[in-house]
Amino acid sequence: MNDIIRSIEAEQLKENAPEFHVGDTVKVYAKIKEGARERIQVFEGTVLKKQGGSTRATFTVRKNSNGIGVEKTWPLHSPNVERVEVVRRGKVRRAKLNYLRDRVGKRAKVKELVK
């Protein structure tokens, strides 16, 4: 039974999965369906966490919109996520950045990783 599930999940994996890490500022190009039309909406923010594996892998992005924090979680291999573009790399020392939810203004920034 497990072999059948694994084969189905392997078909659903994206060939070119986006490469980004926690703390990076990314632009997520998501497909939005409005009636019969379909358009692409860009959501730009900081990656708070990545979790799961295989086809169940998800990532959460947080941004400030008019002073209100907005978070969205997407499946990494979803057909509704067209692409993920890295705007800047972040320098972090944790796997989950939940502490950013309590911070406001300049304190809510993540330092940029300079190589």
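Within an unreviewed UniProt entry, the label attached to the chain reads Large ribosomal subunit protein bL19, and the organism entered is Faecalicatena contorta. Regarding the chain, the relevant UniProt record gives this comment under Sequence similarities (unreviewed entry): "Belongs to the bacterial ribosomal protein bL19 family." In UniProt, the chain has this text filed under Function (unreviewed entry): "This protein is located at the 30S-50S ribosomal subunit interface and may play a role in the structure and function of the aminoacyl-tRNA binding site."

1. A word on the side chain of Ser 78
Mapped onto the elements of the fold, Ser 78 is located in the loop between strand 4 (68–75) and strand 5 (81–88). Classification of Ser 78 as buried rests on a relative accessible area of 11%. A polar side-chain atom of Ser 78 sits 3.0 Å from the main-chain amide nitrogen of Asn 80.

2. Focus: the packing of aromatic side chains
Per the counting criterion, the structure on display carries three aromatic pairs. Ring centres of Phe 43 and Trp 74 lie 5.4 Å apart, and the angle between their planes is 70 degrees; this geometry places the pair in the edge-to-face category. Pair noted here: Phe 43 is in strand 2 (residues 37–51) and Trp 74 is in strand 4, with a separation of 31 residues, a long-range link. Among the residues examined, Phe 43 registers a relative accessible area of 5% and is labelled buried. A ring pair is formed by Phe 59 and Trp 74, whose centres lie 5.9 Å apart and whose planes are at 35 degrees; its orientation type is tilted. Placement of Phe 59 in strand 3 (residues 58–65) and of Trp 74 in strand 4 is noted, with a sequence separation of 15 residues between them. Counting every residue linked through ring pairs, the aromatic cluster contains Phe 20, Phe 43, Phe 59 and Trp 74. Stacked on the ring of Phe 20, the Lys or Arg Lys 50 has its end atom at 4.5 Å from the ring centre. Here Arg 83 stacks its cationic end above the ring of Tyr 29, 3.8 Å away from the centre of that ring.

Reading the values: rules and limits
- Residues numbered from 1 in each chain as written.
- Predicted model: local features only at pLDDT ≥ 70, side-chain atom pairs only at ≥ 80, totals over all residues.
- Heavy atoms only, no water.
- UniProt positions renumbered as here; feature names shortened; annotations may be inferred.
- Helix = DSSP H or I, 4+ residues; strand = E, 2+ residues; numbered from the N terminus.
- Buried < 20%, exposed > 50% of the residue type's maximum accessible area, 1.4 Å probe, protein only.
- Polar contact = N/O pair within 3.5 Å; in protein donor to acceptor, adjacent residues only side chain to side chain.
- Phe/Tyr/Trp six-rings, centres within 6.5 Å; stacked < 30°, edge-to-face > 60°.
- Lys NZ or Arg CZ within 6 Å of the ring centre and 35° of its normal.

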